[in-house]
Amino acid sequence: MGATPGRKPHATQPVVDPRRRAIVGRMIRPDILVAAPMPLAVMAALDARFTAHRLWELGGADALPPTTRDAIVGIAANTLAGQIDSRLFDRLPHLQIVANFGVGYDNVDARAAAERGVIVTNTPGVLDAEVADLTVGLLLATIRRIPQADRYVREGRWATQPFPLSATLQGRQIGILGLGAIGKAIARRLAAFDLAIAYCGRHRQPDVPYAYFPDARSLAQACDVLIVIVPGGDATTHLVDRPVLTALGPQGVLINVSRGSVVDEEALIAALQDGTIAAAGLDVYVNEPHVPAALIAMANVVLLPHVGSGSVATRAAMGQLVVDNLIAWFTQGKPLTPVAESRHLPGAV
């Protein structure tokens with residue numbers, strides 16, 4: 001069950017507490033809070049190994065019974081739950097770990113968790129290839145107007161006149177805003193198209209062959225395709241703003257597969273309407289799942305419903321890593337993939 005009242009065992013000694021070794025056999029299983037619905041296979045795996053309390057069935061954080069609050073030692077989280085922050089942490093005195101479903105974890109206040117000695121994990125690695133594949137597909141769909149051409153055929157308009165010629169991907173300069181693991185996977189795929197690639201990140205990376213630019217605006221100035229793949233959060237909010245879009249130019253294409261908050265959505269809408277940039281391909285939005293009507297109305301925008309990692313195989317791998325992080329913590333006192341804010345905590349490394 002939970003830790004001894006008033007202390008978090010891993011904050012002082014990452015030794016397996018017998019009360020945590022509750023995954024198999026006849027021993028009591030750890031109580032975890034599932035913050036929002038997850039794929040059925042993930043829910044089944046959590047139920048098989050833990051006493052899983054479904055937050056949405058309990059009426060939310062404010063309605064948690066005192067006995068449940070005291071019992072909870074872990075959280076399985078995802079973006080559907082909204083923010084996982086101090087408001088919830090303060091209600092769970094024996095919380096030890098938050099296992100987040102997704103490589104991005106701006107939905108979890110990892111700093112507030114670390115201040116309480118609570119580990120946060122994410123699901124890196126298992127979705128990199130899937131998101132990179134989707135990004136290339138979205139780029140091609142946007143430039144070559146593939147969804148528009150599909151609709152043209154379905155509406156019977158091809159029999160009347162040929163579909164208009166599209167722009168081309170060939171000869172373009174690709175700018176990747178955020179050259180982490182997914183950004184590198186995107187770059188490798190686009191290099192096969194014989195495209196010039198540049199990037200912007202917090203630091204120059206000496207082991208990559210691409211041109212480096214120190215900020216988003218200078219990268220956009222040098223490119224005519226800007227692919228956004230940085231983490232969300234306060235540090236990157238509106239990183240792509242009107243000046244960056246202006247720098248991208250009237251032939252420019254914006255592809256956002258990161259978080260909606262990274263792009264100033266109002267500035268993007270204006271830039272698309274007035275020809276500041278040519279087109280955009282978007283998988284993420286500020287107020288998901290609600291997409292601005294202005295974006296829906298535009299023919300020069302391709303819209304996806306946040307499906308970057310949305311294949312059966314990849315979502316299963318992500319869910320399994322959530323489960324495996326919880327199991328590793330409660331059986332070994334050591335998570336598999338702690339986030340940066342948690343790595344100084346005992347047991348995280």
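Structure's up top.
No experiment lies behind these values; they were computed from the predicted model shown. (Residues numbered from 1 in each chain as written. Predicted model: local features only at pLDDT ≥ 70, side-chain atom pairs only at ≥ 80, totals over all residues. Heavy atoms only, no water.)

K.L.:
Outline the overall build of the protein chain, supporting the account with residue identities and numerical values.
P.N.:
When helices and strands are tallied, the protein chain shows 13 helices and 12 strands. Over its C-alpha trace the protein chain gives a radius of gyration of 23 Å, about what one expects of a compact globule, namely 20 Å for 349 residues. Seen through its C-alpha atoms, the protein chain measures out along the principal axes to roughly 70 × 50 × 30 Å. Of all 349 residues assigned to the protein chain, the portion counted as buried reaches 49%. Considering only intrachain contacts with a sequence separation of at least 6, the fraction spanning at least 24 residues in the protein chain is 60%. (Helix = DSSP H or I, 4+ residues; strand = E, 2+ residues; numbered from the N terminus. Rg over C-alpha atoms; globule rule 2.2 N^0.38 Å. Buried < 20%, exposed > 50% of the residue type's maximum accessible area, 1.4 Å probe, protein only. Contact = heavy atoms within 4.5 Å.)

K.L.:
Describe the sheet that holds strand E7 (residues 196–200), naming the residues involved and giving the relevant values.
P.N.:
One key point about sheets: their strands pair by backbone hydrogen bonds, in either a parallel or an antiparallel sense. Spatially, E8-E7-E6-E9-E10-E11-E12 is the arrangement adopted by the seven strands of the open sheet, whose pairing is parallel. Each of the sheet's edge strands pairs with one partner strand only, and the pair in question is strand E8 (211–213) and strand E12 (301–303). Pairwise comparison of adjacent strand axes, ignoring direction, gives a mean angle of 15° for this sheet. Two elements, strand E11 (residues 279–282) and E12, share three bridges in a ladder whose sense is parallel. Opposite Leu 282, over in E12, you have Leu 303 as the bridge partner. Against the sheet, helix H11 (residues 265–273) touches strand E10 (253–256), E11 and E12, its axis set at about 140° to E11. (Pairing = 2+ DSSP bridges. Axes fitted to C-alpha atoms, helices over the stretch in contact; angles between N-to-C directions.)

K.L.:
Explain the sheet that holds strand E5 (residues 119–121) residue by residue, including any values.
P.N.:
Spatially, E2-E1-E3-E4-E5 is the arrangement adopted by the five strands of the open sheet, whose pairing is parallel. In this open sheet, the two strands that pair with only one neighbour each are strand E2 (51–54) and E5. When strand polarity is set aside, the average angle formed by the axes of neighbouring strands in this sheet is 20°. The sheet contact formed by strand E4 (residues 97–100) and E5 spans three bridges and is parallel. Its bridge partner lying in E5, Ala 99 is registered against Thr 121. The strands touched by helix H13 (residues 312–332) within the sheet are strand E1 (31–34), strand E3 (72–77), E4 and E5, with E4 carrying the most contacts at an inclination of about 160°.

K.L.:
Break down the pattern of salt bridges for me, citing the residues and quoting the values.
P.N.:
Summed over all chains, the structure comprises 10 salt bridges. Between Asp 47 and Arg 54 there is a salt bridge, with the nearest N and O atoms lying 2.6 Å from each other. Linking Arg 116 and Asp 90 is a salt bridge whose minimum nitrogen-to-oxygen distance equals 2.8 Å. A residue pair is termed long-range when its members are at least 10 positions apart, and Arg 116 in the loop between helix H5 (110–115) and E5 and Asp 90 in the loop between helix H4 (86–89) and E4 qualify at 26 residues. With a relative accessible area of 25%, Arg 116 lands in the partly exposed category. Among the charged side chains, a salt-bridge network with shared partners connects Asp 62, Arg 87 and Arg 91. (Salt bridge = Lys/Arg side-chain N within 4 Å of Asp/Glu carboxyl O.)

K.L.:
Go over the pairing of E11, please, and point to the residues and values.
P.N.:
On E11, burial covers both faces: Ala 279 and Gly 281 on one face and Ala 280 and Leu 282 on the other are all buried. One ladder, built from four bridges, connects E10 with E11; its direction is parallel. In the sheet register, Ile 255 faces E11, and the bridge partner there is Gly 281. Where the polypeptide runs from E10 across H11 and back to E11, its parallel neighbour, the crossover connection is right-handed. (Right-handed = clockwise from strand over helix to strand, strands pointing away.)

K.L.:
Give me the nonpolar core: which residues, what numbers.
P.N.:
By size, the foremost hydrophobic cluster in this structure holds 55 residues, and its most contacted members are Leu 46, Leu 139, Ile 174, Ile 176, Leu 190 and Leu 326. Here this core gets seven residues from one element, more than from any other, and that element is H13. Excluding anything up to four places from it in sequence, Leu 190 contacts Val 136, Leu 139, Ile 174, Leu 195, Ile 197 and Ile 227. Membership of the second largest hydrophobic core comes to 30 residues, among which are Leu 272, Ala 280, Met 298 and Val 301. (Core = buried A, V, L, I, M, F, W, Y, C linked by side-chain atoms within 4.5 Å.)

K.L.:
Which residues make up the pairing of strand E6 (residues 173–177), and what are the values?
P.N.:
Most of E6 is tucked away, with four of its five residues classed as buried. Bridge analysis of E6 against E7 gives five bridges, and the strand direction is parallel. When the sheet's bridge partners are listed, Leu 177 is paired in E7 with Cys 200. What joins E6 to E7 is helix H8 (residues 181–191), and the crossover it makes is right-handed. Relative to strand E9 (residues 225–228), E6 runs parallel, the two being bridged by four bridges.

K.L.:
Before we move on, can you summarise the environment of Ala 280 with the specific residues and values?
P.N.:
Tracing the backbone shows Ala 280 in strand E11. Judged by its relative accessible area of 0%, Ala 280 falls in the buried class. When the C-alpha positions of Ala 280 and Ile 143 are compared, they lie 8.6 Å apart, and in sequence the two are 137 residues distant. When residues no more than four places from it in sequence are discounted, the contact partners of Ala 280 are Thr 142, Leu 254, Leu 268, Leu 272, Asn 300, Val 301 and Val 302.

K.L.:
Go over the side chain of Thr 236 with me, naming the residues and quoting the values.
P.N.:
Its place among the elements puts Thr 236 in the loop between E9 and helix H10 (242–248). For Thr 236, the contacting residues outside a window of four places in its chain are Val 230, Pro 231, Ser 261 and Val 262.

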